[in-house]
Amino acid sequence: MSAQEILELQKKNCIFCKIIAKEIPSYEIYSDEKVSVILDINPAHEGHCLILPKNHYQILPQVPLDLIGYMFTIAKKTSRTLLKSLGIQGTTIFVANGALAGQKAPHFMIHVVPRQRGDQLFKIPKNSISAEELLSIKNKLVGEQIIQQEKQEIEPVKQEIKQEEVIEQKHVENKPQTVEERIVDPKEESKKEIQEDVVEKVEEELNSENKVKENNKQEQKKDTNIDDIANLFLN
Amino acid sequence: MTECDVCKIVNNKEAFHVIYEDEICFALLHESPAVPGHTMVIPKTHTTIIEELDDKIVEHLFVVCNKVSTILFDKLGAHGTNVIVNNGIDAGQDLPHVVINVLPRSENDGLDFEWTPKQSGQQVLESLQKKIQIYSDPIFLGKDELPDIKIQKPEQSITKTSSNNKIEKKENYQINNLKRLP
Ligand SMILES: [Zn+2]
Ligand SMILES: [Zn+2]
């Protein structure tokens, strides 16, 4: 089976695609041509909502930029709705991107969770870190070129999104490629190192998917990393 | 009114580890990170909670979060990322300025954002759906005339030194406001 076929199979079996197609009933709060907002039937708190893109994307980097932006405006409105309708005093907007981050289903979604004081959810711990380590992380994450280039790129937000759409159409089946193009990364070498490292680790978790991975490697060498994160769901 | 702690950062960025910046927002490494690589995406304009931000700004912020997330995948070899916005004191928001957390994840990193799923019955879900829909329609149509969400906003300048009394007072005020809602 090709990677494409596996993805098709995954869509076919995706419970959220079925919900969107109304093959499975749900408690819908809002719906338009791009997204659907439903109540989670196994909520963290009652009123827990899921923002689902109507198209099947496994993880965040595969979602087109304009849709990412749109989904979060819907998350904002959902949060606002919950604050008003439930008389609560806080919400959390939560995204788990990849199985290791706690993503349970292979259909990308945003959670909007009503919060209660002291419920101990989504606690972000604070740890100390040395100035040296911070600096070394910063250097890993950015080169000077990146900041420059990003500045130019980001200024016209709309334009960027438009370009993205064009690219999107060109590479319909290779969505992650647009992600790569989006990440300004002039230093190919260091990236490859890390990616190979990741590939090794992920391969251990995914013995059965080696074939797929080989295909991916050939077709879109640059994207192994993102693809592997997404493919964790193919098991 | 004292300046917000986050606005102080905006005005003194050189002292922090900024990894991305544009006209609307910037992203910097958390000085007390949950995990190494913990990044905060912050709008430059002082805004307490995300509901107060324009759709355009929200769109932009999360496109930047995606960018950051992708960089964390590629450059730090993260195996996953979380994007978390805690809205309001009850949600654990501890700064009076919108902060979006982007966290790189790896195996056994000590982070746990799992919840115990509740089993909601059909009746509960149906009544919740009705209750929520009363409010959702105008909000999603952008015809929401009430801009004042009664959420507990963290006090201006909640720092490690700010007193609990101050927060308590604000809460009462907010709770009173809440009671006035229909
Ligand atoms: Zn799906
Ligand atoms: Zn501020």
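As a reminder, the structure under discussion sits directly above these lines.
Conventions we followed
Residues numbered from 1 in each chain as written. Chains lettered and ligands numbered in written order. Predicted model: local features only at pLDDT ≥ 70, side-chain atom pairs only at ≥ 80, totals over all residues. Heavy atoms only, no water. Helix = DSSP H or I, 4+ residues; strand = E, 2+ residues; numbered from the N terminus. Expected span 1.5 Å × (residues − 1). Buried < 20%, exposed > 50% of the residue type's maximum accessible area, 1.4 Å probe, protein only. Phe/Tyr/Trp six-rings, centres within 6.5 Å; stacked < 30°, edge-to-face > 60°. Lys NZ or Arg CZ within 6 Å of the ring centre and 35° of its normal. Donors = N, O, S within 2.8 Å, 3.2 Å for Na, K, Ca; no water. Axes fitted to C-alpha atoms, helices over the stretch in contact; angles between N-to-C directions. Parallel < 35°, antiparallel > 145°, perpendicular 65-115°, else oblique. Left-handed = near helix turned anticlockwise from the far one by under 90°. Contact = heavy atoms within 4.5 Å. Nonpolar A, V, L, I, M, F, W, Y, C, P; charged D, E, K, R; others polar. Polar contact = N/O pair within 3.5 Å; in protein donor to acceptor, adjacent residues only side chain to side chain.

Peer 1: A description of helix H3 (residues 65-86) of chain A should follow, citing residues and the corresponding values.
Peer 2: Residue and element names in this part refer to chain A. Between its terminal C-alpha atoms H3 stretches 31 Å, which fits the 32 Å expected from 22 residues at 1.5 Å a residue. The element H3 is extensively covered by neighbouring structure, given that 21 of its 22 residues are classed as buried. In the segment just after H3, Gly87 is the residue with positive phi, at about 60 degrees.

Peer 1: How would you sum up the packing of aromatic side chains? Please name residues and give values.
Peer 2: Per the stated rule, a full pass over the model turns up six aromatic pairs over all chains. An angle of 5 degrees between the planes, with centres 3.5 Å apart, marks the rings of Phe72 of chain A and Phe62 of chain B as stacked. A residue pair is termed interchain when its members come from two chains, as with Phe72 of chain A in helix H3 and Phe62 of chain B in helix H2 (residues 55-76). For the pair formed by Phe72 of chain A and Phe62 of chain B, the shared burial category is buried. Aromatic rings pair up to connect Phe94 and Phe122 of chain A together with Phe113 and Trp115 of chain B into one cluster. Over the face of the ring belonging to Tyr70 of chain A we find Lys34 of chain A, whose NZ or CZ atom lies 4.4 Å from the ring centre. Cation over ring: Lys13 of chain B sits above Phe26 of chain B, and NZ or CZ is 5.9 Å from the ring centre.

Peer 1: How would you sum up the coordination of the zinc ion (ligand 1)? Please name residues and give values.
Peer 2: Residue and element names in this part refer to chain A. Coordination sphere of the zinc ion (ligand 1), protein contribution only: Cys14 (SG), Cys17 (SG), His56 (ND1) and His107 (ND1), at 2.0 to 2.3 Å. Counting the intervening residues between successive donors of the zinc ion (ligand 1) yields the motif C-x2-C-x38-H-x50-H. Of this pair, Cys17 sits in helix H2 (residues 15-20) while His107 sits in the loop between strand S4 (91-97) and strand S5 (110-114); the two residues are 90 residues apart in sequence, bridging distant segments of the chain. Taken as a pair, Cys17 and His107 share a single burial class, namely buried.

Peer 1: Which residues make up the packing of H3 of chain A against helix H3 (residues 122-140) of chain B, and what values do they have?
Peer 2: It is at 9 Å that the axes of H3 of chain A and H3 of chain B come closest, and there the two elements cross at 125 degrees. Between H3 of chain A and H3 of chain B, the interaxial angle falls into the category oblique. Between H3 of chain A and H3 of chain B lies a crossing of right-handed hand. Listed contacts from H3 of chain B to Ile74, Lys77, Thr78, Arg80, Thr81, Leu82, Lys84, Ser85 and Leu86 of chain A of H3 of chain A are Leu128, Lys131, Ile132, Tyr135, Ser136, Ile139 and Phe140 of chain B. Of the residues in the contact of H3 of chain A with H3 of chain B, the class split is eight nonpolar, four polar and four charged.

Peer 1: Tell me what's going on with the side chain of His17 of chain B, and back it up with residues and numbers.
Peer 2: Along the chain, the position of His17 of chain B falls in the loop between helix H1 (5-10) and strand S1 (18-21). At a separation of 3.4 Å, a polar atom in the side chain of His17 of chain B contacts the side chain of Glu31 of chain B. If sequence neighbours within four positions are ignored, His17 of chain B has contacts with Ala131, Leu134, Leu135 and Lys138 of chain A together with Ala27, Leu28, Leu29 and Glu31 of chain B.

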